[in-house]
Structure formats: structure tokens, C-alpha cells
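# Breakdown of the fold
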Amino acid sequence: MARITVVISQGQSANPDKRGLEEGLVGALLMESGVEVTVIPHLYDLGPGSTGMLCLEGITGDMIVASWLFPRAAHWTLDRGGIKGHMGQTLLATEADDEDDFDEDESDEAEAEAGDDKQHVGGRNLPNRTIYHLRLAAHNSPEPFVAEIKRIMSEATVQTVDLMSWIGGSPKPEQLERYLNPRKMNGQVVGAVANAKPPASPSDGDGKPAEPIRVAETPARRWYPVIDYSRCTNCMECIDFCLFGVYGVDGAETILVEQPDNCRKGCPACSRVCPENAIIFPQHKAPAIAGSALENAGGLKIDLSQLFGAPSAIEIAAQERDVELVAVGRDAVGLSVGIPKRQADKPQEPKDDLDKLMDQLDDLDL
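Notes on the structure in this doc start here. Worth saying up front: this structure is predicted, and the values here are computed from it rather than measured.

Cut-offs used in this document
- Residues numbered from 1 in each chain as written.
- Predicted model: local features only at pLDDT ≥ 70, side-chain atom pairs only at ≥ 80, totals over all residues.
- Heavy atoms only, no water.
- Phe/Tyr/Trp six-rings, centres within 6.5 Å; stacked < 30°, edge-to-face > 60°.
- Helix = DSSP H or I, 4+ residues; strand = E, 2+ residues; numbered from the N terminus.
- Buried < 20%, exposed > 50% of the residue type's maximum accessible area, 1.4 Å probe, protein only.
- Core = buried A, V, L, I, M, F, W, Y, C linked by side-chain atoms within 4.5 Å.
- Contact = heavy atoms within 4.5 Å.
- Axes fitted to C-alpha atoms, helices over the stretch in contact; angles between N-to-C directions.
- Parallel < 35°, antiparallel > 145°, perpendicular 65-115°, else oblique.
- Left-handed = near helix turned anticlockwise from the far one by under 90°.
- Nonpolar A, V, L, I, M, F, W, Y, C, P; charged D, E, K, R; others polar.
- Polar contact = N/O pair within 3.5 Å; in protein donor to acceptor, adjacent residues only side chain to side chain.
- Pairing = 2+ DSSP bridges.

### Quick notes on the packing of aromatic side chains
- What the rule picks out here adds up to three aromatic pairs.
- Seen from their ring centres, Tyr-44 and Tyr-224 are 4.4 Å apart, and the 20° between their planes marks the pair as stacked. In this pair, Tyr-44 is assigned in the loop between strand S2 (35-40) and helix H2 (51-57) and Tyr-224 in the loop between strand S8 (213-214) and strand S9 (226-227), connecting sequence segments 180 residues apart.
- The exposure class of Tyr-44 is buried, given its relative accessible area of 0%.
- By relative accessible area, which is 2% here, Tyr-224 ends up buried.

Structure below.
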């Protein structure tokens, strides 16, 4: 029988409605055979080496993650933490009423690039597994989530792979130690050895439902950017714009979030200047910045705010950056630093109809 681990990422607050949905989903899934349930704190707050992150590292094979984040934000947050895989497609419809909850049709990163001839960084060194994401804000009851999880299990071949194969056969000493001597949490083994056991019964033998693995950890709330590499073109505009040392490059000269905790809490300025909408702040109130899939990275080329005299996205970003610079005792720099962008000297593409329309509006001097 196929078996899969469902990870439930709890909300940051102890909102009783959210907790009720989370625990209702845990209880419903424990009655389903072939499902192992793991409950972790809010995944965005998990730091490197935290108990929650170590628990996630021990999960092998396909995985379903239910969180309060947009699926795209959750996927690339996991990727940043080293929890990698191909993004699976889910069919969960949305019944939410508020404007932040969208009916999203998330798909694999390859589909996100369909029809785009730009060179994207893409997912690198991905293991042969799929990670499916369900947004808990989509429904108020567990039943739709359980139905979608059962659909995924029925259509996917869920295999548990050996940890040594997953990490490419070159484990770090601490990874090997966790594989050979898995940790115990609340009396339950956490790690690759636990997941390699035969499928467990939904009962513990006494007629009671089996207990989920729970990570008892209370991480501090964090604020940092997450890069969607399926959209990122490695243009480096973010590293030019950010003046707080958040971004860096790896050995392959690829952009990365090097010092996440240098980021100024509440500031999304670098996301506004990213030409591909590849920078996500999962906790931001605006869906486009928080990772909604409906925001097309290569979308409308006209900044409509300019038509009505409002500040452009670049101007707003510069203002947000200045506020944070002044807050730490530095001078405001406005549009003088990080703009124009490093791509400004590249040959311009032929103007299309929208570009011509903008030129005509400029000539009108409204």
C-alpha cells in the first residue's frame, strides 16, 4: 500500500478556529490507513538545525504539507531549508470569503515557466520526490483536505526512499548520525529509520487511533525573503537594492538569501523591485508579495499606478527602504542607490503595443 507523510504546519497564533481546524485534520487523518501525520510549528519560523527542521529532514519520499501559507510560498520556504522536491499539483478548490484567499491551481515549477523563454535558475539538485501543498485557509473543515489527500494518494505512486539515496550518497556526519540513530520525540522515533518501517495500522493495537508525531518547539517569529527559483533569472537586482546585507551569492554565482535575519521586519521593498516577482514574503498582507500564484511573473507591463499620479512600485520600495535605513541611524538614499538596475545597459527589446500606449500617455502630459 502506498503511504505518505502529511505535515501540518501550525499557525503562528493560537486562534481557536485555526487550532480547531488543525486538530480536526489531525484526528481525521489518523483514521486513514497509509497516512503518517507530523505536526510542526509554523514552517516559516523554523531555523536551521531546529527540531522542526530536523524532523522535516528525516521525512523521505513524497510529502503533503498543509500550512497557512500560499502553496508557492510554502514550497520555496521548504526549499530554502534544504527540504527539496518537485512541486505537485493539487485540485483543492477554495470556499474562503476574504480577498486574500484565492482558488489557486498550483503546478510544478516547470509549468510555471511554460511559454517563458527567459533563463530561470529553476530547482537545483532536486530529489526524485514530489511535495504537495494545501493551504489551510482554503476551507473551514477537514473534509475537503482529507478528500484531496486521498486523491493524491490514489493517483501518485508514493515510495519511501532511502535517505542515503536522497542526499546523493554523500551525507554530512550529522546527517548520517540522524539516519543511524534517529531522534525520539514524545516517545516516537523521528527520522529515516522510522519512515522505512512497514505501513502502520491506523490503530495502536488497543483500538485507539495512533498518535501523530508532534514537534514541541516554540520558535520566535521571523521575517525574511524567500526566493522562488522557478521565476528567478539571477538578475541580481535584489542584491543591488538591499542595503542590509540580506542577499549574497553561492559558489555558482547564484543569488541566495545569505543573512535572512538581517532583514528589517515588515519591509518588503526588495520584492517590489524584482522584475520577475520571484521574491516572496510569506507573511505579507498583499497576496502578490506573499506568494499567490495568481500574480503572473511576466504579466502586465504597465504600472497602472503611474496613470493616476500615485507612486510607482520602485518609488514605494525606495521609500520603504529609506524608512528602515533611518530607523538604524543611516542616511536615506532615495532612488540614488540600487537604481537604475544593473540590466539597464542591456539592449532594449522592440516596443510592443503597450509600450507605445505608454509613450502616447507620456506625450499627453496628463
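### Some words on the environment of Pro-142
- Its place among the elements puts Pro-142 in the loop between strand S5 (130-135) and helix H5 (143-155).
- Taking the C-alpha atoms as reference, Pro-142 lies 6.1 Å from Gly-24; in sequence the two are 118 residues apart.

### Observations concerning the nonpolar core
- Counting 45 residues, the largest nonpolar core has Leu-56, Tyr-247 and Ile-255 as its most contacted members.
- Here this core gets four residues from one element, more than from any other, and that element is helix H3 (residues 71-80).
- For Ile-255, the residues in contact, after removing those within four places along its chain, are Ile-227, Tyr-229, Cys-232, Asn-234, Met-236, Cys-238, Ile-239, Tyr-247, Gly-248 and Val-249.
- One finds Leu-21, Ile-64, Ala-66 and Leu-92 within the second-largest nonpolar core, a separate group that totals 25 residues.

### Here's the deal with the packing of helix H1 (residues 16-30) against H5
- Between H1 and H5, whose axes approach to 9 Å, the crossing angle comes to 45°. Judged by the inter-axis angle, H1 sits oblique to H5. Note on packing geometry: the crossing formed by H1 with H5 is right-handed. Where H1 abuts H5, its residues Leu-21, Leu-25, Ala-28 and Leu-29 lie against Phe-145, Val-146 and Ile-149.
- Within the contact of H1 with H5, the residues separate by chemical class into seven nonpolar, no polar and no charged.

### Some remarks on the side chain of Arg-72
- One can find Arg-72 in helix H3.
- Among the polar contacts listed, one links the side chain of Arg-72 to the side chain of Asp-228, at a separation of 2.6 Å.

### Structural notes on the environment of Asp-250
- The residue Asp-250 is located in the loop between strand S10 (247-249) and strand S11 (255-257) in this model.
- The class for Asp-250 is partly exposed, based on a relative accessible area of 22%.
- Those residues in contact with Asp-250 that lie beyond four places of it in its chain are Arg-124 and Leu-256.
- A distance of 2.9 Å separates a polar side-chain atom of Asp-250 from the backbone nitrogen of Ala-252.

### Comments concerning unusual backbone geometry
- The phi torsion at Asn-234 lies on the positive side, around 60°, for a residue other than glycine.
- For Asn-234, the position within the fold is in the loop between S9 and helix H9 (237-241).
- Notably, Glu-253 is not glycine yet its phi reads approximately 60°, a positive angle.
- Mapping Glu-253 onto the fold places it in the loop between S10 and S11.

### Description of the sheet that holds strand S4 (residues 86-87)
- Sheet architecture is open: six strands sit in the order S4-S5-S3-S1-S2-S8, paired in parallel fashion. The sheet terminates laterally at S4 and S8, the two strands that pair on one side only.
- Bridging between strand S1 (residues 4-9) and S2 involves six bridges; their strand directions are parallel. Looking at S2, one finds that Thr-5 is bridged to Glu-36.
- The sheet contacts of H3 involve strand S3 (63-67), S4 and S5, and relative to S5 the element is tilted by about 135°.
- Across the sheet, H5 lies against S1, S2, S3 and S5, angled at about 165° from S5, the strand it touches most.

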